[in-house]
Amino acid sequence: MFALVDCNNFYVSCERAFNPSLRQVPVVVLSNNDGCLISRSAEAKALGLQMGEPYFQVKPLLEQHQVRVFSSNYALYGDMSRRVMHYLASVAPALEIYSIDECFLDLHGLDRYLHPDLATLGAEIRTQVHRRTKIPTCVGIAPTKTLAKLANRLAKKYPKLNGVCYLDTEQKRHKALALTPVEDVWGIGRQYADKLHAQGIRTAAQLAEQRENWARKFLGGVVGVRLLRELQGKVCQHLQPSEDGTLSRQSITYSRTFGTPLTAFPDVVGAVSAFTARAAEKLRRQGSAVNTLSIFLSKDRFSVEPPPYSFSTVVTLPVATSDTSELLRHVRSALKRLWQPDTVYKKAGVVFDGLETAGQQQLNLFASPNKGEVRDRLMQDLDRLNERFGAGAVHFAAAFVRKGERAAWDSRAAYQSPAYTTDWAQLWTIG
């Protein structure tokens, strides 16, 4: 059996965990730069507010119904997610952190030895997560990951299930499939849903009745066959590397829309340098080095300036590296080539491609063999200091910002709550 544990309205729930006055009132959380709605409480959903709606469009409705609005607080959300996943890791022998608020658990064998009734285990998981973090969850338990995902959706949809849906019999599986629209099946996108509707397939139960030859022809080949088998209760997907920083990525991207459009070269250099430094930290964390570096700048697509609106360049490094100072040198050189005076820039980013295993990259024939080792130790010391004293405690001058001041490139966050769990100066206080 597999279980999918999903935190309900996660970003909103994190805000409520430290602010009891938000309970039972409509709450929404906005995306970077306070652009769109990315998390809504049940009360906000009842008002008809949709995921992804631009804030400026729904602002009158939010004010009319006194909806509480918050900017994204990823420091808080990331730490709360870590606490939830830490507990879940103690429950099952193996887990897959699927996203910041979702986690698959491998429960095979637990029903025979430790937990004869997995539904009771699901209820205990909900209770313990809430006791530790005040985050509400729903749990779906089923023979396959696809069915566990489906069961989790039903646990959210039907209050009488008390947050736990356990598909332990064929009868329950068939009923769950019949209650699920085909577009809600994990792996069925909008285009496939339209094709299935055109063939008269409206529910997951109707999809599960199809033959494998049909799935191979109309549902994406081998991937479609695996989906069909999973719906039929046959395991085709096992736990994968987690989205928790341990997954070794093939490329790393770090980009942001500026809170304020930038026109000065030093400000743009500072922004891209900060993005590069953060991407380099991720690079070193997974033990990789980069040999291809892409940098892009974007103008406002809705301005009066004519296209093109985006400019990019690719730099192939002579030796793959994870040294932030070396990467910053190439970034600054690339920005000089891209820079256009008297231009307003709204967004920038860096992309690391062609990742290699650090320590195994092809070296420069004329470079000193000891130089790389010294630089590696320096980067390790830098990462350890930032891990101990907080992100940005030690950084490069190119991305320097005076203490207490916001960087010119920082995203807008007019409604951001404190970082209750990761900043000593913003700890939760009880009067």
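Residues numbered from 1 in each chain as written. Predicted model: local features only at pLDDT ≥ 70, side-chain atom pairs only at ≥ 80, totals over all residues. Heavy atoms only, no water.

Looking at an unreviewed UniProt entry, one finds the chain named Y-family DNA polymerase, with Hymenobacter volaticus as its source organism. Among the UniProt annotations of the chain, the heading Sequence similarities (unreviewed entry) holds the following wording: "Belongs to the DNA polymerase type-Y family." (UniProt positions renumbered as here; feature names shortened; annotations may be inferred.)

*Asks:* Tell me what's going on with the overall build of the chain, and back it up with residues and numbers.
*Replies:* For the chain, the helix and strand inventory stands at 15 helices and twelve strands. By the compact-globule yardstick of 22 Å for 431 residues, the chain fits well, its C-alpha radius of gyration being 25 Å. Within the chain, the fraction of its 431 residues that count as buried is 45%. Considering only contacts in the chain between residues 6 or more positions apart, those separated by 24 or more positions represent 66%. Summing over all exposed atoms, the chain offers an accessible surface of approximately 23,400 Å²; the carbon and sulfur share of this is 51%. Computing the positive centroid from 54 side-chain charges and the negative centroid from 41, the chain places the two 2 Å apart. (Helix = DSSP H or I, 4+ residues; strand = E, 2+ residues; numbered from the N terminus. Rg over C-alpha atoms; globule rule 2.2 N^0.38 Å. Buried < 20%, exposed > 50% of the residue type's maximum accessible area, 1.4 Å probe, protein only. Contact = heavy atoms within 4.5 Å. Areas by Shrake-Rupley, 256 points an atom, 1.4 Å probe, with all protein chains shown as cover. Lys, Arg positive; Asp, Glu negative; His and termini not counted. Charge placed at Lys NZ, Arg CZ, Asp CG, Glu CD.)

*Asks:* If you had to explain the pattern of salt bridges to someone new, which residues and values would you point to?
*Replies:* On inspection of all chains with the given rule, the structure shows 15 salt bridges. We note a salt bridge from E96 to K145, for which the minimum N-O separation is 2.6 Å. Of this pair, E96 sits in strand β5 (residues 94–99) while K145 sits in helix α7 (residues 145–157), placing them 49 residues apart in sequence. For E96, a relative accessible area of 5% gives the class buried. Across the pair E326 and R329 runs a salt bridge whose closest N-O atoms are separated by 2.5 Å. Placement of both E326 and R329 in helix α14 (residues 324–338) is noted, with a separation of three residues, approximately one turn of the helix. Overall, E326 belongs to the partly exposed group, its relative accessible area being 25%. One network of salt bridges, in which partners are shared, links D79, R82 and R83. (Salt bridge = Lys/Arg side-chain N within 4 Å of Asp/Glu carboxyl O.)

*Asks:* An account of a nonpolar patch on the surface is needed here, citing residue identities and associated values.
*Replies:* Together, L385, F389 and V394 make up an exposed nonpolar region whose accessible area comes to about 270 Å². Locating L385 in the fold gives a position in helix α15 (residues 369–389). (Patch = residues over 30% accessible without salt bridge, like charges linked within 9 Å, V, L, I, M, F, W, Y side chains within 5 Å.)

*Asks:* Provide a residue-level description of the sheet that holds strand β6 (residues 102–106), including the pertinent values.
*Replies:* Sheet architecture is open: five strands sit in the order β5-β6-β1-β7-β8, paired in mixed fashion. Unpaired on one side and paired on the other, β5 and β8 (164–166) mark the two borders of the sheet. On average, each strand axis in the sheet is inclined to that of its neighbour by 15°, with strand direction left out of account. Pairing between strand β7 (residues 137–142) and β8: three bridges, direction parallel. The residue of β8 that forms the bridge with G140 is C165. Where helix α4 (residues 74–89) meets the sheet, it contacts β1 (2–7), β5 and β6, and its direction lies at approximately 155° from that of β5. (Pairing = 2+ DSSP bridges. Axes fitted to C-alpha atoms, helices over the stretch in contact; angles between N-to-C directions.)

*Asks:* Give a detailed account of the packing of α7 against helix α8 (residues 170–179), specifying residues and quantitative values.
*Replies:* For the pair α7 and α8, the least separation of the axes is 10 Å and the interaxial angle reads 70°. One element, α7, and the other, α8, form an angle in the roughly perpendicular class. Classified by chirality, the crossing of α8 by α7 is left-handed. On α8, the residues that touch L147, L150, L154 and K157 of α7 are R173, A176, L177 and L179. Of the residues in the contact of α7 with α8, the class split is six nonpolar, no polar and two charged. (Parallel < 35°, antiparallel > 145°, perpendicular 65-115°, else oblique. Left-handed = near helix turned anticlockwise from the far one by under 90°. Nonpolar A, V, L, I, M, F, W, Y, C, P; charged D, E, K, R; others polar.)

*Asks:* Could you give an account of the sheet that holds strand β10 (residues 288–299), naming the residues involved and the relevant values?
*Replies:* Strand order in the open sheet formed by four strands is β9-β12-β10-β11, and the pairing between neighbours is antiparallel. Looking at the sheet topology across the chains shown, the edges are occupied by β9 (252–262) and β11 (310–321). The sheet shows a mean angle of 15° between the axes of neighbouring strands, taken without regard to direction. Across seven bridges, the pairing between β9 and strand β12 (residues 345–357) is antiparallel. Bridge pairing in β12 places L262 opposite Y345. Its contacts with the sheet place α14 against β10, β11 and β12, and it is angled at close to 150° to β11.

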